[in-house]
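Examination of the molecular architecture
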Protein chains: 2
Amino acid sequence: MINENMQRLGSKRSVIRELFEYGNARAEAIGRENVFDFSLGNPSVPAPDLVREEIARLLEELPAQTLHGYTSAAGLPEVRAAVAEYINAAFGVPVSADTVYMTCGAAASLTILLHALCEAGDEFVAITPCFPEYKVFVEGAGGVLKEARADEAFHLDLAALEAAITSQTKAVIVNSPNNPTGVVYDEAELTALATLLQNKSAEYGRPIVLIADEPYRELTYGAQVPYPMAYYANTAVCYSFSKSLSLAGERIGYIAIHPDCAQAKELFAAVCGAGRSLGYVCAPALFQRVCAKCLGQSSDVGAYKENRDLLYRTLTEAGFECVLPEGAFYLFMKSPIPDAVKFCELAKKHELLLVPSDTFGIEGYVRISYCVEKDIIVRSLPAFRKLAGETILL
Amino acid sequence: MINENMQRLGSKRSVIRELFEYGNARAEAIGRENVFDFSLGNPSVPAPDLVREEIARLLEELPAQTLHGYTSAAGLPEVRAAVAEYINAAFGVPVSADTVYMTCGAAASLTILLHALCEAGDEFVAITPCFPEYKVFVEGAGGVLKEARADEAFHLDLAALEAAITSQTKAVIVNSPNNPTGVVYDEAELTALATLLQNKSAEYGRPIVLIADEPYRELTYGAQVPYPMAYYANTAVCYSFSKSLSLAGERIGYIAIHPDCAQAKELFAAVCGAGRSLGYVCAPALFQRVCAKCLGQSSDVGAYKENRDLLYRTLTEAGFECVLPEGAFYLFMKSPIPDAVKFCELAKKHELLLVPSDTFGIEGYVRISYCVEKDIIVRSLPAFRKLAGETILL
């Protein structure tokens, strides 16, 4: 009676969500304070005060039926204009409000864009390790996900990327600052990526789209994050306010298409069509308005930096090998034993919930989401040290 | 480069959305007060005060990172429990929190449920006239929409419905109070519908699901609205708070599955999988909490009733033939000329924006959404009278 593929997707939850639910169950059993849950990228610092102030102001100033009413499917015109202006001013790309589409967050941005682009037989290339839901979203849109491995420092490996691109490639998905590694792609590699995509587009006689998945743009620890659109015209940005403004549960983001993207107008129409087909109707109205006032802002990145520094220092001192995150709030740590899944099971015995890298498409690492109260990190350190003692000698 | 089907869906907007955008353009040209826009079902009365009070209380009492953080994919456990309890108490159906899934509104409820149910070749039956997006949603899920015409009073025509059901039928979609007719299905016809579905399920050896699309449940003018689940176990309710609480832009609703539905547990898993595949992640967190406190409430139905009464009386006095709405906020009026599209074009000359019934799957009627300020109705009456003079004699 039921779509088996959907049943499978719903029964076998993502490893991350599974750990999150396990963590909730453990918290009920032994107390929240005794579980060191590093599974989920759920922001731990509050939204900027401006979010609360804007909500209060809007409740005060706008009639409720206006505030909470339908917006145009692509979003409120003034919100779309504000996003376009912000992109112009911050990144120097002349995006117009006409190709900005407000969405219910990053996942919606991706699924809508993928459905808009995907034709039968299309391939989409992601750089591994990568966000595991890319595969679910690409397959949901009828496409095939191809993986190109990042280099040893988890930056772009252009040779691997070139090898993954075929005549069927519709788009390449990049994510910087990166989940799960915290790496930020620099100007040189984006320039080289653009050249590769131009050459491959010419070779196959069809434009390859660059999908820039950017929920972590504002969360950096000093690194500049070049704007992919500034390097390659066939780019669509999938943005979310979830992480930057600590609004992950409110589901608000946008798609922005470069004005010189091939068939920009047609692609925007297809985005509108996909949003309609998937049942999105419009992005949440209150938070469209709130976010338009908070463009470019972020919640307290300093708190994440403190967490990063403490965790990185302690873990490396304990003998673990870690990638120093330049952005996002994930620390990618090498598993001392080859089997990262087994390592995460050993970690669970110390109530440490870590995500094995297998779920991100490579073996031998774990992701530690350090978007948690600093206190949790401080109290988890003895457990990490014990885990090091048990595993680094193995 | 682009999915043509999505481009077509996005370029050729729904007739209703098209009229809404036309109305906005006319409002800019001649002033909002001179446009009588009866196109969209956008609630005109404010949300109950409790909505604003709850938002204020939550902002005050919950840490922002908790309030705005991710919830479980199916929704906050306490919200799902509250919905289940409400259904138990109000309708006497022992729905459990385990089969309640919070969504981003009615369209999301429908697309997620349809993707969860639909297998290759499946047919879904809708009663025409019906919400035009059913076709978009069913086809997006890979199914085929079959239409069964309502009877002359726009109630269920069981013979027509029986004729539309085949061995490929996966589900029948009912919507009461109905968009676009305002009709409410009574106990006798739901009982007869249940018998038909039981017989047909037995005949074809597979359960036919009843999808109850219920965004207008609380908007009635005295009529009782029987709960479809109480008549037929293989029922899933697609609910939305958009209309009842005047929160159409906030995208919040739920799917509830009858505990005795065939494969209820597997269907719920498939609902979770479909939500994941479509990119929904979770329903908006703030409004999950707000709506849990407003279950069964509605905004001021009295205002809609005044509108209904004034419009119905004036239009029938002017010679138009109308269905008296028992619920929702739509008046279904017979076009005095056979071609309702042409009639709506004539109406536009008087700045009256009406939706031709062709978009709902039948000819010869128009839908008038009377969820507008009463003042707009009062000022539109001369235009309706002129239109009657021009068309009833034709």
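Above this text you will find the structure in question.
A brief look at the structure comes next. (Residues numbered from 1 in each chain as written. Chains lettered and ligands numbered in written order. Predicted model: local features only at pLDDT ≥ 70, side-chain atom pairs only at ≥ 80, totals over all residues. Heavy atoms only, no water.)

**Observations regarding the sheet that holds strand β13 (residues 365-369) of chain B**
Note the following rule: Strand pairing follows a simple DSSP-based rule, namely that at least 2 bridges must link the two strands. A run of H or I in DSSP counts as a helix once it spans at least four residues, and a run of E counts as a strand once it spans at least two, with each numbered from the N terminus.
Spatial ordering of the open sheet is given by β9-β10-β13-β12 (chain B), a layout of 4 strands whose pairing is antiparallel. Looking at strand neighbours, the two that pair on one side only are β9 (322-323) and β12 (355-356) of chain B, the edges of this open sheet.

**What to know about the interface of chain B and chain A**
Heads up, the condition is: By the convention used here, residues are in contact when the closest approach between their heavy atoms is within 4.5 Å. Buried area is understood as the total, over both parts, of accessible area removed when two parts are fitted together, assessed with a 1.4 Å probe. Only one rule defines a salt bridge in this text: a Lys or Arg side-chain nitrogen within 4 Å of an Asp or Glu carboxyl oxygen. Nitrogen and oxygen atoms within 3.5 Å of one another constitute a polar contact, given that in protein one can donate a hydrogen and the other can accept it, and given that sequence-neighbouring residues count only through two side-chain atoms.
On the side of chain A, 81 residues touch chain B, which itself brings 81 residues to the contact. Between chain B and chain A lies a buried interface of about 6,400 Å² when both sides are counted; carbon and sulfur atoms form 56% of it. When the buried area of chain B at its contact with chain A is split by residue, Met1(B), Tyr70(B) and Arg276(B) rank highest and sum to 16% of it. In this assembly, chain B and chain A are joined by 2 salt bridges. For the salt bridge of Glu133(A) with Arg276(B), the shortest nitrogen-to-oxygen distance reads 2.7 Å. Taken together, chain B and chain A are joined by 42 residue pairs in polar contact (both at pLDDT 80 or more). Within the residue set of the side of chain B that touches chain A, elements represented by two or more residues are α1 (4-11), α2 (15-30), α3 (49-61), α4 (64-67), α6 (106-117), α7 (133-140), α10 (264-278) and α11 (285-292) of chain B.

**Observations regarding helix α14 (residues 374-391) of chain A**
All names here are of chain A. Note the following rule: Expected span of a helix: the number of residues minus one, times 1.5 Å. What is called the bend at a residue is the angle between a pair of axes, fitted to the seven residues leading up to and ending at it and to the seven starting from it. Buried, partly exposed and exposed residues are distinguished by accessible area as a fraction of the type maximum, computed with a 1.4 Å probe on protein chains only: under 20%, between the cut-offs, and over 50%, respectively.
Taking 1.5 Å of rise per residue, 18 residues should cover 26 Å, and α14 covers 25 Å from first to last C-alpha, within 8% of that figure. Roughly 40 degrees is the biggest bend found in α14, and it falls at serine 380, with proline proline 382 one to four residues downstream. Within α14, the full set of buried residues consists of Ile377, Ser380, Leu381, Ala383, Phe384, Leu387, Ala388 and Thr391. Each element contacted by the buried residues of α14 is listed here: β1 (36-37), α12 (301-317), α13 (340-348), β11 (352-353) and β13 (365-369).

**Some words on the packing of aromatic side chains**
The criterion, for reference: Only Phe, Tyr and Trp rings take part, Trp by its six-membered ring, and two of them pair if their centres are within 6.5 Å. Stacked means planes under 30 degrees apart, edge-to-face means over 60, and tilted covers everything else. By the criterion adopted, a ring carries a charge over it if an Arg CZ or a Lys NZ lies within 6 Å of its centre and within 35 degrees of its normal.
If you walk through the whole model with that rule in mind, you get 35 aromatic pairs over all chains. With centroids separated by 4.0 Å and ring planes inclined at 5 degrees, the aromatic side chains of Phe91(A) and Tyr227(A) adopt a geometry described as stacked. With a gap of 136 residues between them, Phe91(A) in helix α5 (residues 77-91) and Tyr227(A) in the loop between β6 (209-213) and β7 (235-240) connect regions that are remote in the sequence. The class for Tyr227(A) is buried, based on a relative accessible area of 4%. One aromatic cluster in this structure is built from Tyr216(A), Tyr304(A), Phe329(A) and Tyr330(A). A cation sits over an aromatic face here: Arg17(B) above Tyr70(A), 5.5 Å from the ring centre.

**Describing the relation of the copies chain B and chain A**
Our working definition: The copies were overlaid with a least-squares fit restricted to C-alpha atoms from residues scoring a pLDDT of at least 70 in each copy.
Least-squares fitting of chain B to chain A yields an RMSD of 0.0 Å, with the superposition described by an axial translation of 0.0 Å and a rotation of 180 degrees. These values place the two chain copies in the arrangement generated by a two-fold rotation axis. Residue Leu278(B) of chain B places its C-alpha closer to the rotation axis than any other residue of that unit, at 3.3 Å. The overlap is high: 100% of the interface residues of chain B also sit at the interface in chain A, so the same surface is used on both sides.

**Regarding the sheet that holds strand β9 (residues 322-323) of chain A**
Residue and element names in this part refer to chain A. Pairing within the open sheet is antiparallel, and its 4 strands lie in the order β9-β10-β13-β12. Both edges of this open sheet fall to β9 and β12 (355-356), since each of them pairs with a single strand only. Sheet topology note: the strand β10 (residues 330-334)/β13 ladder contains 5 bridges and is antiparallel. Its bridge partner lying in β13, phenylalanine 332 is registered against arginine 367.

**Re the environment of Ser335(A)**
Residues and elements named next belong to chain A. On the secondary structure map, serine 335 appears in the loop between β10 and α13. For the pair serine 335 and phenylalanine 320, spaced 15 residues apart in sequence, the C-alpha to C-alpha distance is 7.8 Å. Setting aside chain neighbours within four positions, we find serine 335 in contact with Ala340, Phe343, Gly364 and Tyr365. A polar contact of 2.5 Å, which involves the side chain of serine 335, links it to the backbone oxygen of isoleucine 337.

**Description of the state of the cysteines**
Put simply, the test is: Count a disulfide wherever a pair of cysteine sulfur atoms falls within 2.5 Å.
Counting across every chain of the model gives 0 disulfides over all chains. Cys104(A) takes part in no disulfide bond, and the closest cysteine sulfur to it belongs to Cys104(B), at a distance of 4.8 Å. Cys104(A) gets classed as buried once you look at its relative accessible area, which sits at 3%. Not engaged in a disulfide, the cysteine Cys272(B) finds its nearest cysteine sulfur in Cys282(B); these two sulfurs lie 13 Å apart.

**Regarding the packing of α6(B) against α10(B)**
Residues and elements named next belong to chain B. The condition is simple: Fitted lines through C-alpha atoms serve as axes, helices being fitted only where they are in contact, and the angles separating the N-to-C directions of these axes extend from 0 to 180 degrees. With the far helix as reference, a near helix turned anticlockwise by less than a right angle produces a left-handed crossing, and one turned clockwise produces a right-handed crossing. Three classes are used: nonpolar for Ala, Val, Leu, Ile, Met, Phe, Trp, Tyr, Cys and Pro, charged for Asp, Glu, Lys and Arg, and polar for all others, with Gly counted as polar.
Their axes nearest at 8 Å, the elements α6 and α10 cross at an angle of 120 degrees. Like other packed secondary-structure pairs, α6 and α10 cross with a definite hand, here right-handed. Of the residues in α10, those in contact with Thr111, Ile112, Leu113, His115, Ala116 and Leu117 of α6 are Leu267, Ala270, Val271, Ala274, Gly275 and Leu278. A breakdown of the residues in the contact of α6 with α10 according to their chemical character gives 9 nonpolar, 3 polar and no charged.

**Re unusual backbone geometry**
Residue and element names in this part refer to chain B. In this chain, threonine 128 is followed by proline 129 through a cis amide linkage whose omega measures 0 degrees. Of note, proline 129 is situated in the loop between β3 (123-128) and α7. With an omega of -5 degrees, the peptide bond running from serine 176 to proline 177 counts as cis. By the secondary structure assignment, proline 177 is in the loop between β5 (169-174) and α9 (187-204).

**A closer look at α11(B)**
Here α11(B) lies mainly inside the structure; 8 of its 8 residues are buried. Buried within α11(B) are the following residues: Ala285(B), Leu286(B), Phe287(B), Gln288(B), Arg289(B), Val290(B), Cys291(B) and Ala292(B). In this structure, the buried side of α11(B) is in contact with α11 (285-292) of chain A together with α3, α4, α5 (77-91) and β2 (100-103) of chain B.

**With respect to the pairing of strand β4 (residues 144-149) of chain B**
Judged from the 6 bridges that link them, β3(B) and β4(B) form a sheet pairing that is parallel. Paired with Val125(B) across the two strands is Lys146(B), which belongs to β4(B).

**Quick word on the pairing of β3(B)**
All names here are of chain B. Test applied: Handedness of a crossover is defined as follows: orient the strands so they point away from the viewer, and if the path from the first strand over the helix to the second runs clockwise, the crossover is right-handed.
Burial of β3 is extensive: 6 of the 6 residues sit out of reach of the surface. The alternating pattern of β3 places Glu123, Val125 and Ile127 and Phe124, Ala126 and Thr128 on opposite faces, both of which are buried. For the crossover that starts at β3, traverses α7 and ends in the parallel β4, the hand is right-handed. Here 4 bridges tie β3 to β5, and the two strands are oriented parallel to one another. By the bridge assignment for β5, phenylalanine 124 is matched with alanine 171.

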